[in-house]
Amino acid sequence: MFMALKSYLKFIWKAKNDDKCKAFSACKKFGEFFNMNKKQLEIKLSSLKSFVLRKIELEQYQSSSELASFILLKALFNNDIKGKVVADLACCNGIYVIGALLFGAKKVYFLDVDSDVLSICKENVKSLKLSSKAVFINSDVSSFDKKVDTVLMNTPFGVHKRKADKDFLLRAFNCAKAVYSLHKIESKSFISEISAENGFLVSEIFPIKMSVKKSYSFHTKKEVSVDIGLWILRKG
């Protein structure tokens, strides 16, 4: 369906006025279909069991179903999910790679150093009857040695440990061709540099306002908005 949209856009560029109207109408219908499927995905992902006991040293924050759906649809549009091997190197409750399975990934890896959240991943996968394509690894990110097509991840932002996201990026560069990764928006220079040093190009950056609910005892507000970005990185 996404290839159809690309074809429509090419047609609009070359078409005469009357044909452009027809093409725009077709794109509108596609957009309605796209939004409907995004909503269905959000509902599905919002039903997943989350984790309660968060470990601050791991900077564990749960991605919302809305944010995960946005990233998953971007990756699907870019042909980085369907029929591909996908990994999440900091999987928490597994929302990203479970979404990848729902979109037709050939195989997925759930990696997390926290055995408690990995147990929740297993529950979520089992509840959706997707276990046959799932591999669970309880390990530090530096130990991951599988080759995959795509990495989807929400890494630690490095608030409590400076550049904590560096190890995750280096491992992703070592194992994948495409990386979709969330970071604080002020990390632009750092991510551009480390990507170039490892033969990756910054394909796109999408600024995002991430809503973070009170999760730890030191949080003083019920909810805050954090400026982050989605980086899409590709091997050069």
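Conventions adopted
The residue numbers shown here count from 1 along each chain, following its written sequence. At least 70 in pLDDT is required for a residue's local features to be given in this predicted model, at least 80 for side-chain atom pairs to be given and counted, and no such filter applies to totals for whole chains, interfaces and linings, which use all residues. With hydrogens and water stripped out, all remaining heavy atoms of the structure feed into the side-chain values. Interaxial angle, 0 to 180 degrees, is taken between N-to-C directions of lines fitted to C-alpha atoms, where a helix line uses only the stretch in contact. Every helix listed is a DSSP run of H or I at least four residues long, and every strand listed is a run of E at least two residues long, numbered separately from the N terminus. For classification purposes, angles smaller than 35 degrees are called roughly parallel, those larger than 145 roughly antiparallel, those between 65 and 115 roughly perpendicular, and all remaining angles oblique. Each crossing gets its handedness from the near helix: less than a right angle anticlockwise from the far helix is left-handed, clockwise is right-handed. A contact between two residues is defined here by any heavy atoms of the two lying within 4.5 Å. Among the buried residues, those of types Ala, Val, Leu, Ile, Met, Phe, Trp, Tyr and Cys that are joined through side-chain atoms within 4.5 Å form a nonpolar core. Classification of residues uses two cut-offs on accessible area relative to the type maximum, computed with a 1.4 Å probe and protein chains only: under 20% is buried, over 50% is exposed, and between them is partly exposed. For this document, the term salt bridge refers to a Lys or Arg side-chain nitrogen within 4 Å of an Asp or Glu carboxyl oxygen. Strand pairing is assigned whenever DSSP identifies at least 2 bridges connecting the two strands. Looking down the strands as they point away from the viewer, one classifies a crossover as right-handed if the path from the first strand across the helix to the second runs clockwise. Each residue after the first adds 1.5 Å to the expected span of a helix. Known as pLDDT, the predictor's per-residue confidence is scaled from 0 to 100.

Moving on, we get to the packing of helix H3 (residues 65-77) against helix H4 (residues 95-102). Between two packed helices, both the angle of their axes relative to each other and the distance between the axes serve to describe the pair. Look at H3 against H4: their axes get within 10 Å of each other, and the N-to-C directions meet at 50°. Considered as vectors, H3 and H4 are oriented oblique to each other. With respect to the hand of their crossing, H3 and H4 are arranged in right-handed fashion. Between H3 and H4, the contacting residues are Ser65, Leu67, Ala68, Ile71 and Leu72 on the first element and Ile95, Tyr96, Gly99 and Ala100 on the second.

So, on to the nonpolar core. Judged by nonpolar contacts, the single largest core of 38 residues is most densely connected at Val108, Phe110 and Leu152. If you list the elements that add at least two residues to this core, you get helix H2 (17-46), H3, H4, strand S2 (107-112), helix H5 (115-127), strand S5 (178-184), strand S6 (200-213) and strand S7 (223-235). A total of 7 residues in this core trace back to one element, the largest contributor, which is H3. Here Leu152 is in contact with Ile71, Leu72, Ala75, Val86, Ala87, Asp88, Leu89, Tyr96, Ala100 and Tyr180, once residues within four sequence places are set aside. Of all hydrophobic cores here, the second largest spans 24 residues; its members include Val85, Ala87, Leu111 and Phe173.

Once the charged atoms of two side chains with opposite charge are near each other, the side chains can pair. Summed over all chains, the structure comprises 5 salt bridges. Close ionic contact of Lys39 with Glu42 constitutes a salt bridge, the shortest N to O distance being 3.9 Å. Of this pair, Lys39 and Glu42 both sit in helix H2, 3 residues apart, which is roughly one turn of the helix. Residue Lys39 is classed as partly exposed on the basis of its relative accessible area, which comes to 49%. Its salt-bridge partner being Lys184, residue Glu186 comes within 3.5 Å of it at the nearest N-O pair. When its relative accessible area of 57% is taken as the criterion, Glu186 is described as exposed. Among the residues examined, Lys184 registers a relative accessible area of 23% and is labelled partly exposed.

Turning our attention to the pairing of strand S1 (residues 85-88). Covered by surrounding structure in S1 are Val85 and Ala87 together with Val86 and Asp88, the residues of both alternating faces. Both S1 and S2 contribute to a ladder of 4 bridges, which runs parallel. In the strand pairing of S2, Asp88 is matched with Phe110. Between the parallel pair S1 and S2, the chain is carried across by H4, and the sense of this crossover is right-handed. Here S1 runs beside strand S4 (residues 150-154); their pairing, made up of 2 bridges, is parallel. By the bridge assignment for S4, Ala87 is matched with Val151.

Across its 13 residues, H3 extends 18 Å between first and last C-alpha, which sits within 8% of the 18 Å expected from 1.5 Å per residue. Buried within H3 are the following residues: Ser65, Leu67, Ala68, Ser69, Ile71, Leu72, Leu73, Ala75 and Leu76. Asn79, located one to two residues past H3, shows a positive phi value of around 60°.

So, about unusual backbone geometry. Even without a glycine there, the phi angle at Asn79 is positive, about 60°. Of note, Asn79 is situated in the loop between H3 and S1. On the accessibility criterion, Asn79 (43% relative accessible area) is partly exposed. In this structure, Lys129 is a non-glycine residue whose phi angle is positive, near 60°.

Of all the 8 residues making up H4, 7 are buried; the element is thus mostly covered by neighbouring parts of the structure. Downstream of H4 by a residue or two, Gly104 has a phi angle that is positive, lying close to 95°.

Residue-level pLDDT values for the protein average 80, and 71% of them are 70 or greater. The spread of mean pLDDT over the elements of the protein runs between helix H1 (residues 2-14), the lowest at 44, and S1, the highest at 98. In the predicted structure, residues 1-17 sits below a pLDDT of 50 and forms 23 contacts with residues beyond four places in sequence or in another chain. Segment residues 29-33: pLDDT under 50, and 4 contacts once partners within four positions in sequence are set aside and those in other chains are kept.

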